[in-house]
Amino acid sequence: MSNLAVIGAQWGDEGKGKIVDLVSLHFDIVARYQGGHNAGHTVVIEGKTYILQLIPSGMFRGGKIGIIGNGVVIEPNALLTEIKKMEAAGFRFEGRLHISDRAHLILPHHRWREKESEKIQNIGTTLRGIGPTYEDKSARRGMRVCDLMQSNFADRLLPMYKGNAEGEEFLEQVPKFRAEFSKYACNCSSFLAEAIRNEKRLLFEGAQATMLDVDHGTYPFVTSSSCAAGGISTGLGIGPKHIHKVLGVSKAYATRVGSGPFPSELTDLTGDKIRNRGKEFGSITGRPRRCGWLDLVALKYATQISGMDALCITKLDILDEFDEIAAGVEYDLDGEKIHEFPASYEAVERCSVHLRKFPGWKSNTYGLKKLDNFPLNARKYLDFIEDYLQVPVAMLSTSPERDDTIFFPAFDTICENSTQRTQSAQS
Ligand code: IMP
C-alpha cells in the first residue's frame, strides 16, 4: 500500500486543494504537516467553492480521516471558525478530525510582532503570525495545543495581554477554545502509527510550496516552515520510510505573491493577460499575484528537493489563447550560463532567464476529461516539460472542478490500484 504526498512545486497557489480532494478517493487519511491559515486551498464541488485554510482538503468525502499535524501552526479562532463554516455547509468533523497535541498555537502577540517586523523586513507575508509562531517554537518559548489544555494557560499569557483589548478578548475565549479543542486533540503520531499498522493509506497534504520552504526556497523570501517533502516526517511524527511517492503540483506558467526573486516574471501585458485569464488574485488576501512563464530551472530544483515522482500540471487552459508560449530553460548569471538554482536571493535577482519558445495551440483545453481532441502543440509543450525535468506528468487539471482532470499512465505508478478503485467507487 503506497502513501502519497501532494506538494507545491513552485511558489504556492498551484491548485493543490483540488488535487488533494480528487486523489483522496484512493486514501483513508489526509494529513497536513506544516503551515497554517496562510494557506488557502480551494476545492470546487458541483459548482460550489470551498476555501480551506487548516482543515485537510480531502475531508469532503465522508469517512475520510483528517490530521492536522504537529508541524502545523494553529490560530484557535481561525480553526474553529473554519470548522463552523464547514459544518454549516453540511460537513461533520467530530470523530474524524484529529489535531496534534504538539502543534504550536498562533497567539495574538505573534500577529502584533509580525506587523512590526514586516515594517523592516518586507517579506510580503500574509500577516497571520505564522513566522513569529515558528520563531517561538525554535526559541523554545512557544505554546502548544497541550498547553491550552492546562488550567494555567491564560495565567501564563496574562502579564503580556493585560490592558490590551485584543489580548483580553482572546483570554476570555480560552475556556471555549479548550472545550472545542478537546474534541480533536490527540497524539497524532500514535494515531498514524496505528493506522500504518492497520495498512491504512495516507495522503500527505503540503501547504505553500517547495520554493517557499524555509531551508530550500528563495530565502529569506519564504514561509517559516518545511513545505518540501522533508517536512512530512517531522511535521507528523512518522518515519520517512512511510512516505512512498511524491506528486508535485505546478501550474503551466508561474506565479508568486509577496516579495522575493522571480526570474521568469513578466511585468508587461503578457503578465497582465496571464493574471486576468488565470484570475491570479490571492484566495485569502485578494492580493494580485505576480505572473510569469514556467521556470523549468526552478521547477527542476523543486523536483529534486522534494523527490517528485510525477507532476500534476494545472491551469494549462489559461495559455489556450496565446500565439506563443515560453518556458525558462537556463539562467545567465553575471555572464555565465547556469542550470542550478542559486542559493543567494541577490544572485537569483541578477539572473536573466533564457526562454524557449513554443507555438501556441489556440484551441480550448478547458474542462477536457480525455485526450481526444487534445491539441498537438499543447501535447508538445507537456512533452518538453517531461523531457527537461525527467519527471512524468501524471495528471492534467483542466478546470477547478473535481472531475475535469486527465489522468496519464504515470498516475498508476504513484497511486497503485487507482484505476480499480476509481471504477469500484463509480459502480
Ligand atoms: P507567511 O507564510 O505569511 O510568513 O508569508 C511568507 C511568504 O510566503 C510570503 O511571500 C507569502 O505571500 C507566501 N505565502 C504564504 N502562504 C502562501 C500560500 O498559501 N500561497 C502562496 N504564497 C504564500
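Everything below is about the structure printed above this text.
Let us look at the structure shown here. On a predicted model such as this, the values are computed, not experimentally measured, just so you know.

When helices and strands are counted, the protein chain shows 16 helices and 20 strands. A burial count over the protein chain gives 57% of its 427 residues as buried. Sequence separation of 24 or more characterises 76% of the internal contacts of the protein chain that already satisfy a separation of 6 or more. Split by element, the accessible area of the protein chain, about 17900 Å² in all, is 49% carbon and sulfur. Averaging the locations of the 52 positively and 54 negatively charged side chains of the protein chain gives two centres separated by 4 Å.

Before going further, it helps to examine the pattern of salt bridges. According to the stated counting rule, one finds 24 salt bridges in the structure shown. Of the charged contacts, one joins Lys16 and Glu14 as a salt bridge, the two residues approaching to 2.9 Å between their closest N and O atoms. The salt bridge involving Arg102 is made with Asp101; its shortest N-O contact spans 2.8 Å. One continuous salt-bridge network, built from bridges that share partners, spans Asp13, Lys251, Glu280, Arg289 and Lys315.

Evaluation of the coordinates by the stated rule reveals 16 aromatic pairs. When the ring of Tyr301 is compared with that of Phe341, the centres are 5.5 Å apart and the planes differ by 20 degrees; the resulting orientation is stacked. Taken together, the positions of Tyr301 in helix H12 (residues 296–306) and Phe341 in the loop between strand S17 (336–338) and helix H13 (345–350) put the pair 40 residues apart, joining distant regions of the chain. Classification of Tyr301 as buried rests on a relative accessible area of 18%. A relative accessible area of 8% means that Phe341 is categorised as buried. With a centroid separation of 6.0 Å and 35 degrees between ring planes, the pair formed by Trp361 and Tyr381 is classed as tilted. With Trp361 in the loop between strand S18 (352–359) and helix H14 (376–389) and Tyr381 in helix H14, this pair connects stretches of sequence that are 20 residues apart. By relative accessible area, Trp361 is classed as buried at 7%. Taking the relative accessible area as the measure of exposure, Tyr381 reaches 0% and is therefore buried. Among the aromatic residues, those joined into a ring-pair cluster are Phe358, Trp361, Tyr381, Phe384 and Tyr388.

What follows covers the site of the ligand. Around the ligand, 15 residues are found, and the nearest of them are Asp13, Asn38, Thr126, Thr223 and Arg287. Within the side chain of Asn38, one N or O atom sits 2.8 Å away from an oxygen atom of the ligand. Measuring from an oxygen atom of the ligand, one finds a side-chain N or O atom of Thr126 at 2.6 Å. Tallied by class, the residues present in the shell around the ligand amount to 6 nonpolar, 7 polar and 2 charged.

Residue position: Thr398 is located in the loop between strand S19 (393–397) and strand S20 (405–407). With near-sequence residues (within four places) excluded, Thr398 lies in contact with Lys18, Asp317, Thr365, Tyr366, Gly367, Leu368, Asp404, Thr405 and Ile406.

The next thing to look at is helix H8 (residues 174–181). If you check which residues of H8 are buried, you get Val174, Phe177 and Phe181. Considered in projection along H8, the buried side chains sweep an arc of 60 degrees and stay on one side of the axis.

Moving on, we get to the state of the cysteines. This structure, assessed with the given rule, holds 0 disulfides. Cysteine Cys312 shares no disulfide, and the gap to the nearest cysteine sulfur, in Cys415, comes to 12 Å. The exposure class assigned to Cys312 is buried, which follows from its relative accessible area of 0%.

Rules behind the numbers
- Residues numbered from 1 in each chain as written.
- Predicted model: local features only at pLDDT ≥ 70, side-chain atom pairs only at ≥ 80, totals over all residues.
- Heavy atoms only, no water.
- Helix = DSSP H or I, 4+ residues; strand = E, 2+ residues; numbered from the N terminus.
- Buried < 20%, exposed > 50% of the residue type's maximum accessible area, 1.4 Å probe, protein only.
- Contact = heavy atoms within 4.5 Å.
- Areas by Shrake-Rupley, 256 points an atom, 1.4 Å probe, with all protein chains shown as cover.
- Lys, Arg positive; Asp, Glu negative; His and termini not counted.
- Charge placed at Lys NZ, Arg CZ, Asp CG, Glu CD.
- Salt bridge = Lys/Arg side-chain N within 4 Å of Asp/Glu carboxyl O.
- Phe/Tyr/Trp six-rings, centres within 6.5 Å; stacked < 30°, edge-to-face > 60°.
- Near = heavy atom within 4 Å.
- Polar contact = N/O pair within 3.5 Å; in protein donor to acceptor, adjacent residues only side chain to side chain.
- Nonpolar A, V, L, I, M, F, W, Y, C, P; charged D, E, K, R; others polar.
- Arc of directions from axis to C-beta.
- Disulfide = S-S within 2.5 Å.

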